[in-house]
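Chain by chain, the residues:
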Amino acid sequence: MKKIIGLSILALLAATPVNAAVLSVCIEGSPEVFNPQLTSNGTTSYVLGQIYDGLVSVKAGSSEIEPALAESWTVSDDAKTYIFKLRHGVKWQPNSLFTPTREFNADDVMFTFERMMKKDHPYAKVGGGTFITFNTKLADALEGIRKIDDYTVAFTLKSPLAPFIGIMAHQSLAITSGEYADALSKAGKPELIDQEPIGTGPFQLQAYQQDAVVRLIPFKDTWGAAIKNPARTPMVDGVVMAISADASVRLQRAVAGECQIALYPNLADRAMIEKSANLNLVQTPVASVGFITFNFRDDKFKDKRVREALAHAINIKPLVDLIYDGMGTVTGAIIPPSLWGHDKDVGAYSYDPALAKKLLAEAGFPNGLSTQLWAVPVSRPYMPNGRRAAEMIQEDWSKIGVKAEVVSYEWGEYITRARKGEAQVGMFGGIYDFPDPSQIPNNYFTCDSAGKPSPSNIGAWCDKEFSALMNDAGTITDQAKRIEIYKEAQEEFHAEVPAVILGGADTITAVAKGVKGYAPAIFGTSRLSGVTVE
């Protein structure tokens, strides 16, 4: 993404009043866009989650869904219509391009969703028109949205969708300003809606330098402050997010007092944090799953024997033990053990190099093959050290004659290239944003009704049985029956080997002892509102 505002870190810090309480956060990557609809990237969502609000959200530090821009909602008897009562008195942020003339209302909800729903909408193709979460989770399910009055909207589904309210809590479905969009269109600059953000949240963008820093300032008129909700009120005079892909560097900055919150330090550095005089170790249980996925655009990976061979050639237990520092679980199930619906009977593929060689030979590769193996460049709960994991897989595969070139890019470029289908074997993963098993399997391994892969389905695996099972599980509300269907889906996934599950672990955060009120999210995005610095 191009630089929005090019300021140096020193200039940003110099611009802060001497006595101001500034919260400094070390994050692991640059936001690739400033509109939530166009991303499902957790790094970007962390930044945008401070700027935008959704109709509902996950309560900080819990799995409970709570009201946000919608004060309440009701569900019809047939479970197909959801009516949201919107919050009154919510103000929009201003910026140098735009000064709002009205408060948030139903027109903004209509604009946000119609942009994603209608192919002929003026903003449908702005920014590329790839609405990842909406296309994956709602496009096929949503019949329509209707404005009942200025503060009431109704969403009608084609059939019941059990995780609908959880889906609506996803940061990618945060509400954007229809009035701002109209103003940018009249100015001939519609693309700025995705670059110069206007939200209703507790903080607003002040400056951004790609791969260096994001600076936020408090939005004093945010609705959280208006209703006197401390958890949604900005309590600091500014936030500086220093960007560093290196987990060790982020922790070193925290130890040195340069960052008061360091995200995703290496799991192996827990002892260093615990021994630090100025840091607390915060361990948070999160539902996440990491994997390598095979690209079905590549003819060799269309042969299941090749995929099975590569799966059986990975010695998964030592990989999980080392990469997740004793905090991971060996499993072959796409739904993680920390979430309901996990199938404990779906184990990892056995480590069997002899079988792997046999399968490769049967597939026409008696002397092995060559491939790229992409490595996630940032530390995430689903993959704390992508480079090391890739190197371990590379070494295992070499024992069966497979030459794997480890490839990586800057995080934003990595995501963009992977979604374009460039990764032969791509390392990816996800953290659950809401407590429903459907999210990660639907995001990364399903295709729509027309057979088009989800944008995050980087391997382009379209299995009709798997997609049908996932769809069926989403249309019923009986959790026991849903668990049965998810078990079938996990068995189908394991049998077809579209990917190899690597694991997931709790997340740890280094937090300065002077920071109060920071609760890392279990589901969704961690908030910086309500946080104070002593």
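Quick caveat: nothing in here was measured; it's all calculated off a predicted structure.

Calculation criteria
- Throughout, residues of each chain are indexed from 1 in the direction in which the sequence is written.
- Residues qualify for local features only when their pLDDT is at least 70, as the model is predicted, and side-chain atom pairs are given and counted only at 80 or more; totals for whole chains, interfaces and linings, by contrast, use all residues.
- Just so you know, side-chain values use all the structure's heavy atoms and leave hydrogens and water out.
- Two strands pair if DSSP finds at least two bridges between them.
- Think of it this way: any DSSP run of H or I at least four residues long counts as a helix, any run of E at least two long counts as a strand, and we number them from the N terminus.
- Each axis is a line fitted through C-alpha atoms, taken for helices only over the stretch in contact, and angles between the N-to-C directions span 0 to 180 degrees.
- What makes two residues a contact is simply this: any of their non-hydrogen atoms within 4.5 Å.
- Two N or O atoms form a polar contact when they lie within 3.5 Å of each other; inside protein one atom must be a possible hydrogen donor and the other a possible acceptor, and for residues adjacent in sequence the pair counts only when both atoms belong to side chains.
- Put simply, a nonpolar core is a bunch of buried Ala, Val, Leu, Ile, Met, Phe, Trp, Tyr and Cys residues held in one set by side-chain atoms that sit within 4.5 Å of each other.
- Exposure categories follow from relative accessible area, calculated using a 1.4 Å probe and restricted to protein chains: below 20% of the type maximum is buried, above 50% is exposed, and the middle band is partly exposed.
- Geometry of aromatic contacts follows a simple scheme: Phe, Tyr and Trp rings, the Trp one being its six-membered ring, pair when their centres are within 6.5 Å, and the pair is stacked under 30 degrees between planes, edge-to-face over 60, tilted otherwise.

A. Seen up close, the sheet that holds strand S6 (residues 142-149). Sheet architecture is open: four strands sit in the order S4-S5-S7-S6, paired in antiparallel fashion. Pairing within the sheet leaves two strands with one partner each, and these edge strands are strand S4 (70-75) and S6. Across the sheet, the axes of successive neighbouring strands diverge by a mean angle of 20°, strand direction being ignored. Bridge count between S4 and strand S5 (residues 81-86): five bridges; the pairing is antiparallel. Its bridge partner lying in S5, valine 75 is registered against tyrosine 82. Together, S5, S6 and strand S7 (152-157) form the strand contacts of helix H3 (residues 106-117), whose direction differs from that of S6 by roughly 160°.

B. Summary view of the side chain of threonine 293. By the secondary structure assignment, threonine 293 is in strand S13 (residues 288-294). Here the side chain of threonine 293 touches proline 498 through a polar contact of 3.3 Å, landing on its backbone oxygen. Every residue in contact with threonine 293, bar those within four places of it in the chain, is listed here: Gln424, Val425, Gly426, Phe445, Ile458, Gly459, Pro498 and Ala499.

C. Geometry of the nonpolar core. Among the nonpolar cores identified, the biggest contains 164 residues, and Leu55, Phe84, Phe113, Phe155 and Trp397 are the most heavily contacted of them. Per-element tally for this core: the top contributor is H3, with six residues.

D. The arrangement of the packing of aromatic side chains in detail. Counted by the stated rule, this structure contains 23 aromatic pairs. Look at tryptophan 92 and phenylalanine 104: their rings are 6.4 Å apart centre to centre, the planes differ by 65°, and that puts the pair in the edge-to-face class. Pair noted here: tryptophan 92 is in the loop between S5 and H3 and phenylalanine 104 is in the loop between S5 and H3, with a separation of 12 residues, a long-range link. No difference in accessibility class separates tryptophan 92 from phenylalanine 104, as the two residues are buried. Both rings, one in phenylalanine 155 and one in phenylalanine 164, keep their centres 6.0 Å apart while their planes meet at 55°; by these two values the pair is tilted. You can call phenylalanine 155 buried: its relative accessible area is 0%. Overall, phenylalanine 164 belongs to the buried group, its relative accessible area being 0%.

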